[in-house]
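Here is how the chains run, residue by residue.
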Amino acid sequence: MPHTSHKKLIVGNWKMNPATSAEAKKLARKFKRAAVTLEHTEVVICPPLPFITICSSRKKVSHFHMGAQVASTQEESGPHTGEVGAHMLRDIGVEYVIVGHSEQRKRGDTDLLVAARLKAVLGQGMTPILCVGEATRDESGAYLEALKNQIKASCGDLLKSSAKSIIVAYEPIWAIGAAEAMKAEDVYETSLFIKKVFADLYGADMGLKVTVLYGGSVTFRNAPDIIAIGKVDGLLVGRESVNVPGFVELLKAVDLVG
Ligand code: PEP
């Protein structure tokens, strides 16, 4: 299901948190309660795999969706020990899957693997959230070339008809888990650059349509400016997404931006 609405998309990447299923259930319950009150915002939570089922609901909750942090490149069930197929995630109600997060790239995900995961997720009709971002910035702007190459390689040989469904999460690695987020003005500049890369790859209309999120040390305090000044379509939130008061506040604050 591609994200085509004009609403803001807030994705909570819980990473390897919390420690127990009871805590996960409690977090999800609080976030569902917050999500139903929103008018201009959709929420996706991405708990660790063992907690996805306990966090989802049998009944549809308005503005609330389930996501996963990873999917296998294997498209069919079979002898793939340790792997979790995209078809299995779809079967338990997952709609969005994070692909190519820098913490996974650091553990060995190459652009080739990322491209294969993207394909597997798209093949099941789910929406991949493709994470890209430079490790460092330099005065000469070489990081922009690196970012462009990373996007191109991660998309691999995807056709435009599939690429249309991708959400891009721009996550400068130096801003993840940091003390401060990137400046909202810089988020704006880089998100425009990412849109231009998509326009070059798939045509001008894709540059206008591609959904771009920002991720990296987002909190309830900086989120409204990143949305309003950074002009991104939403946020990928790590630490703050498992902090109940902070994440609920963030959802409310972003919703007010409209
Ligand atoms: C992330 O890991 O995707 C992330 C954005 O983390 P944090 O918000 O904690 O920087």
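Residues numbered from 1 in each chain as written. Predicted model: local features only at pLDDT ≥ 70, side-chain atom pairs only at ≥ 80, totals over all residues. Heavy atoms only, no water.

1. Quick word on the site of the ligand
- As a structural note, the neighbourhood of the ligand is formed by 14 residues, with Lys15, Glu171, Gly177, Ser217 and Arg239 the closest of them.
- Taking Ser217, its main chain carries an N or O atom lying 2.8 Å from an oxygen atom of the ligand.
- Arg239 places a polar side-chain atom, nitrogen or oxygen, 2.7 Å from an oxygen atom of the ligand.
- Here the ligand, which alone exposes 290 Å², has 99% of that area covered by the protein.
- Looking at the shell around the ligand residue by residue, the class counts come to 3 nonpolar, 7 polar and 4 charged. (Near = heavy atom within 4 Å. Polar contact = N/O pair within 3.5 Å; in protein donor to acceptor, adjacent residues only side chain to side chain. Areas by Shrake-Rupley, 256 points an atom, 1.4 Å probe, with all protein chains shown as cover. Nonpolar A, V, L, I, M, F, W, Y, C, P; charged D, E, K, R; others polar.)

2. Brief notes about the nonpolar core
- Membership of the largest hydrophobic core comes to 64 residues, with the highest contact counts inside it found for Ile45, Val97, Ile166, Phe198, Tyr214, Leu235 and Leu250.
- Broken down by element, this core gets its largest block of residues, 6 residues, from helix 1 (residues 21–35).
- Membership of the second largest hydrophobic core comes to 12 residues, among which are Leu9, Val44, Tyr96 and Leu236. (Core = buried A, V, L, I, M, F, W, Y, C linked by side-chain atoms within 4.5 Å. Buried < 20%, exposed > 50% of the residue type's maximum accessible area, 1.4 Å probe, protein only. Helix = DSSP H or I, 4+ residues; strand = E, 2+ residues; numbered from the N terminus.)

3. Digging into helix 6 (residues 142–155)
- Taking 1.5 Å per residue as the helical rise, helix 6 with its 14 residues ought to reach 20 Å, and the 20 Å between its terminal C-alpha atoms agrees with that figure.
- What helix 6 keeps buried is the set Tyr143, Leu147, Gln150, Ile151, Ser154 and Cys155. The buried residues of helix 6 occupy an angular sector of 120° when projected down its axis, which confines them to one face.
- Tucked into the core, helix 6 has its buried residues touching helix 4 (102–106), helix 5 (111–123), strand 5 (127–132), strand 6 (167–170) and helix 8 (184–202).
- Just beyond helix 6, the residue with positive phi is Gly156, at close to 55°. (Expected span 1.5 Å × (residues − 1). Arc of directions from axis to C-beta. Contact = heavy atoms within 4.5 Å.)

4. Describing the pairing of strand 3 (residues 64–68)
- Along strand 3, 5 of the 5 residues are buried, which leaves the element largely enclosed by surrounding structure.
- Where strand 2 (residues 41–46) lies against strand 3, 3 bridges are found, and the strand directions are parallel. Looking across to strand 3, one finds that Val44 is bridged to His65.
- As defined by bridge partners, strand 3 adjoins strand 4 (residues 94–99) across 3 bridges and the pair is classed as parallel. Considered in strand 4, the bridge of Met66 is made with Val94.
- Once you follow strand 3 into helix 3 (residues 86–91) and on to strand 4, the crossover reads as right-handed. (Pairing = 2+ DSSP bridges. Right-handed = clockwise from strand over helix to strand, strands pointing away.)

5. Digging into the packing of helix 5 against helix 6
- Contact geometry for helix 5 and helix 6: axes closest at 7 Å, N-to-C directions at 50°. Viewed along their axes, helix 5 and helix 6 adopt a mutual orientation that is oblique. Contacts from Asp111, Val114, Ala115 and Leu118 in helix 5 reach Gln150, Ala153, Ser154 and Cys155 in helix 6.
- Of the residues belonging to the contact of helix 5 with helix 6, the class tally is 5 nonpolar, 2 polar and 1 charged. (Axes fitted to C-alpha atoms, helices over the stretch in contact; angles between N-to-C directions. Parallel < 35°, antiparallel > 145°, perpendicular 65-115°, else oblique.)

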